[in-house]
Amino acid sequence: MYQAMREAGVRLYAISYDDPEALADFADAHEIEYPLLADPESAVIRAFGILNTFVPEEEAEYHGMPFPGAYVTDDDGTIVAKFFENNQIFRPGPERLLRAALGEQVEVPEPATVAIEQVEVRAFLDGPHLVPGLVRDLVIELSVPEGQHLYGEPVPAGLVPTHVTFDEEDGLVVKATEFPPTTPHRLATGEELHVFEGAVVLRTPITVLGGHGRGLDGTESTLGLGPRVVRATVHFQSCDDHACGLPERVPFEVPVTVEPAIIGDFGGPSMRGKKMHGGRHMRRLLARRDSDHETDEENRA
Amino acid sequence: MELQDHAEEAGAFWRDADGFLSPVRPGVGPRRDPVGDFPTGPAVGERLPAVVALDTAGQRFEIEVDRAGQAAIVVFHRSAVW
């Protein structure tokens, strides 16, 4: 994915309050190709105004962490999108970040090459797999025959707006569907409708609960990992200028694999990839507590 | 700003308000997430503030210089250690 970003002319940076040594170890263990930047005094985090002020200074190993999030800028350095969530476990997937950076230049669907008589539906995950907490888009492409349209909100009474519902499944987290802009469509009666025409792409950000980790007592958890199926239904009603079809419901299944997140680790036996010296780096973070106190004492002296 | 400390015991783990499991109880240690609005820094439409940090070799690294007129994705993550 980083290669795709590079080829698209988009630079990726990750910054944290860790020491450079910890980031060097992480980059080596997980073969990270993009710059990992260290802000051990949290100067940048403070300058951005995103210091997590819930963490007291006494907890020096965690004090200095940000409210995690991401910014996307254009070539001029102007922020064009932001990704922040109340729960630090949600992270935007790289596909969502790259799409934000490229705006409308990406994922423009090919128009249907053959004339179709009825709406066709295609669904897929935008990304190779799901990871607990990592948010990726479940994409639904609707191909609407020429001369027909589907409805966006708001719809006149009696018509069905295009929308997606997901089966309630264990561990699936579904966020609000993102719709393309509607096109105004005026009927002979003068009534103006908000419609979708041609290739219509709906994106629903999803992720899964669960994960791969160890409890404080050493219990391993692999909850939710492995193959699963995302089941959803797209609802729509297609009309032309003279008549409307019946409301339709097209159910579909998207098979996906849930893989563990790459996270900092303490050398646990079942963690993925080469091991980093997590315990050593955690001890360094804990030692910030002592050095902070020494600094305080020096200041008082 | 209000601290999210909803937590349910689930074996050796804690289940948070969204259903995620974690060995750390929500509301303590690094699991200090906000409820509702919280500071998210500069707004869409503003310029990205200067980011001057250290690279993995401990050398000064400035995003504005490195990106050389390209678009940028800047991820502030929690930690590579824990």
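Further up the page is the structure itself.
Note that the structure is a prediction, hence the values are computed from the model and not measured.

### Thoughts on the overall build of chain B
- A count of helices and strands for chain B gives one helix and eight strands.
- Element order for chain B, N to C, with α for helix and β for strand: β-β-β-β-β-β-β-α-β.
- Taking 2.2 N^0.38 as the reference for a compact globule, 82 residues should give roughly 12 Å; the C-alpha atoms of chain B span a radius of gyration of 18 Å, well beyond that estimate.
- Taken along the three principal axes of its C-alpha coordinates, chain B extends 50 × 30 × 20 Å.
- For chain B, buried positions account for 39% of its 82 residues.

### Structural notes on the interface of chain B and chain A
- Across the contact, 55 residues belong to chain B and 73 residues belong to chain A.
- Secondary-structure elements contributing two or more residues to the side of chain B that touches chain A are strand 1 (2–4), strand 5 (33–35), strand 6 (52–54), helix 1 (63–67) and strand 8 (71–76) of chain B.
- Of the residues forming the side of chain B that touches chain A, the biggest block, six residues, is contributed by strand 8 of chain B.
- Residue composition of the side of chain B that touches chain A, grouped by class: 31 nonpolar, 13 polar and eleven charged.
- Note that strand 3 (residues 69–73) of chain A and strand 8 of chain B share five bridges and pair antiparallel. The residue bridging glycine 69 of chain A from the neighbouring strand is phenylalanine 76 of chain B, located in strand 8 of chain B.

### Remarks on helix 2 (residues 20–30) of chain A
- Where helix 2 of chain A is concerned, the buried positions are Ala22, Leu23, Ala24, Asp25, Phe26 and Ala29 of chain A.
- Just past helix 2 of chain A, the residue glutamate 31 of chain A takes up positive phi, approximately 50°.

### Quick notes on helix 4 (residues 94–102) of chain A
Residues and elements named next belong to chain A.
- Across the nine residues of helix 4, seven count as buried, placing the element largely inside the fold.
- Residues Glu95, Arg96, Leu97, Leu98, Arg99, Ala100 and Ala101 constitute the buried set of helix 4.
- Among the residues trailing helix 4, glycine 103 stands out with phi positive, at a value near 60°.

Scoring rules and cut-offs
Residues numbered from 1 in each chain as written. Chains lettered and ligands numbered in written order. Predicted model: local features only at pLDDT ≥ 70, side-chain atom pairs only at ≥ 80, totals over all residues. Helix = DSSP H or I, 4+ residues; strand = E, 2+ residues; numbered from the N terminus. Rg over C-alpha atoms; globule rule 2.2 N^0.38 Å. Buried ≥ 20, exposed ≤ 12 C-beta atoms within 10 Å, placed from the backbone. Contact = placed C-beta atoms within 7 Å. Nonpolar A, V, L, I, M, F, W, Y, C, P; charged D, E, K, R; others polar. Pairing = 2+ DSSP bridges.

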